[in-house]
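# Structural overview
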Amino acid sequence: MRLEWLKDIACIAETGSFSEAARRRNLTQSAFSRRIQQIEDYLGIELFDRTKKPIQLRPTTAEHLDRIARMIGSMNQLADDLRRGDRVAGSRLAVASQHALSTSVTPQVLRRVLEAGPEVHFTLSSANLDECLTLLVSRQVDLAITFQVEAEAGPFREAFIETLVVGRDRLVPVLGRHDLARVTARMAEGALPVITYPADVFLGEVMARHVFPAMAGVQVEACGECALTLAQVELSVAGFGVAWVPLSVVEARIKAGEIVALEDRLPVVPMQVHLSRLAGAQGATGARIWERARALALRDQADSA
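This section reports on the structure supplied with the text.

Analysis parameters
Residues numbered from 1 in each chain as written. Predicted model: local features only at pLDDT ≥ 70, side-chain atom pairs only at ≥ 80, totals over all residues. Heavy atoms only, no water. Helix = DSSP H or I, 4+ residues; strand = E, 2+ residues; numbered from the N terminus. Rg over C-alpha atoms; globule rule 2.2 N^0.38 Å. Contact = heavy atoms within 4.5 Å. Areas by Shrake-Rupley, 256 points an atom, 1.4 Å probe, with all protein chains shown as cover. Lys, Arg positive; Asp, Glu negative; His and termini not counted. Charge placed at Lys NZ, Arg CZ, Asp CG, Glu CD. Phe/Tyr/Trp six-rings, centres within 6.5 Å; stacked < 30°, edge-to-face > 60°. Buried < 20%, exposed > 50% of the residue type's maximum accessible area, 1.4 Å probe, protein only. 1 Å grid on protein atoms, 1.4 Å probe; cavity = no way out; pocket = protein on both sides within 12 Å on 5 of 7 lines; lining within 4 Å. Points joined across faces, edges and corners; volume = space filled by probe spheres on them. Nonpolar A, V, L, I, M, F, W, Y, C, P; charged D, E, K, R; others polar. Axes fitted to C-alpha atoms, helices over the stretch in contact; angles between N-to-C directions. Parallel < 35°, antiparallel > 145°, perpendicular 65-115°, else oblique.

### Quick word on the overall build of the protein chain
Helix and strand content of the protein chain: 13 helices and 11 strands. Over its C-alpha atoms the protein chain spans a radius of gyration of 32 Å, topping by over 25% the 19 Å that the globule rule assigns to 305 residues. In terms of overall dimensions, the protein chain has C-alpha extents of about 100 × 45 × 35 Å along its principal axes. Within the protein chain, residue pairs in contact and separated by at least 24 positions form 75% of the contacts whose partners lie at least 6 positions apart. For the protein chain, the accessible area works out to roughly 16,400 Å², and carbon and sulfur atoms hold 52% of it. Side chains of the protein chain carry 35 positive and 37 negative charges; the gap between the two charge centres is 9 Å.

Set out below in structure tokens:
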């Protein structure tokens, strides 16, 4: 059954008139009558009782009228979905983001680079640093959003990867306000309860290279370990110890007074937020977004100069 045929049947059922149905279907009455006859010839049955005014549906037709309406709705939705899918396919963007950025900086980066342009359908994958690199190099994503410690070389050193600085952050020590007195007392004794990261994740490596070496004379008491930044925050608020997390993750809660940052007493690690892509040929959507990101990065650089 064709969609047009189903709509013809439904229109006659609604109006009770061939002439009014023909008008609504933008056909002459004769052309519309021929099409109804064609439908009935195809099915081998009469759909309408033409002896009555207004025209009545035959019992079998009336029995299936709700089903016809559902089929019309489903086929219209399918057509819309196919059209939208074709538009989306031409403006699709796949992005990989480090876990610690996915819930803080990454949404703002995407908002800035995607605003004021044609609609873009994006897919965001949250992963660790190595996985972001793998996804980018294997062309499973178009862009990667990652951290870099300002004092170090970038994580993506390959010549075929282009990188823009699209933001700045810093790894800061935090704890719940209610735990400040206890931790301050422990620090006065030369000890510090700390929630650590696994050694093989990015922030664990940052802690090993930049935080712990700067704490000479302080005995670090590792009270627990967790790879997830958001979980680190909650563990610290629960009183397990100091957690080092990106400021972007906790800034609002610091301003609200729920969390205390110990930047004046413990090491802080400045970091950059990088947007990276494979160099070379890009699709039209990816190229346009990259140029938008480049313009924003240059403007931010000029504003901070």
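### Digging into unusual backbone geometry
Cis geometry marks the peptide bond from Lys 53 to Pro 54; its omega dihedral reads -5 degrees. In this fold, Pro 54 is placed in the loop between strand 1 (48–49) and strand 2 (56–57). With a phi close to 60 degrees, Asn 26 is a non-glycine residue in the positive phi region. Inspection of the secondary structure assignment puts Asn 26 in the loop between helix 2 (18–24) and helix 3 (29–43). The phi torsion at Arg 139 lies on the positive side, around 65 degrees, for a residue other than glycine. The topology assignment puts Arg 139 in the loop between helix 8 (129–137) and strand 5 (143–149).

### Remarks on the packing of aromatic side chains
Aromatic rings considered in pairs are described by the distance between their centres and by the relative angle of their planes. The full count for this structure, using the stated rule, is four aromatic pairs. When the ring of Phe 18 is compared with that of Phe 48, the centres are 5.9 Å apart and the planes differ by 85 degrees; the resulting orientation is edge-to-face. Of the two residues, Phe 18 sits in helix 2 while Phe 48 sits in strand 1, which places them 30 residues apart along the sequence. Take Phe 18 and Phe 48: they sit in the same class, and that class is buried. Within the aromatic cluster, the residues linked to one another by ring pairs are Phe 18, Phe 32 and Phe 48.

### What to know about the layout of surface pockets
For the largest pocket, the calculated volume is near 320 Å³. When contributions to the lining of the largest pocket are tallied by element, the ones reaching two or more residues are helix 7 (105–114), strand 6 (161–176) and helix 13 (284–304). Here the lining of the largest pocket gets eight residues from one element, more than from any other, and that element is helix 13. Grouping the constituent residues of the lining of the largest pocket by class yields nine nonpolar, four polar and four charged.

### Observations regarding the packing of helix 7 against helix 13
The interhelical angle for the contact between helix 7 and helix 13, taken along N-to-C directions, is 105 degrees, at an axis separation of 8 Å. Here helix 7 lies roughly perpendicular to helix 13, going by the angle between them. Residues Arg 112, Val 113 and Leu 114 of helix 7 form the contact with helix 13, whose participating residues are Ile 289, Arg 292, Ala 293, Leu 296, Arg 299 and Asp 300. Looking at the contact of helix 7 with helix 13 residue by residue, the class counts come to five nonpolar, no polar and four charged.

Honestly, that's just the spatial picture; any functional story needs more than this.
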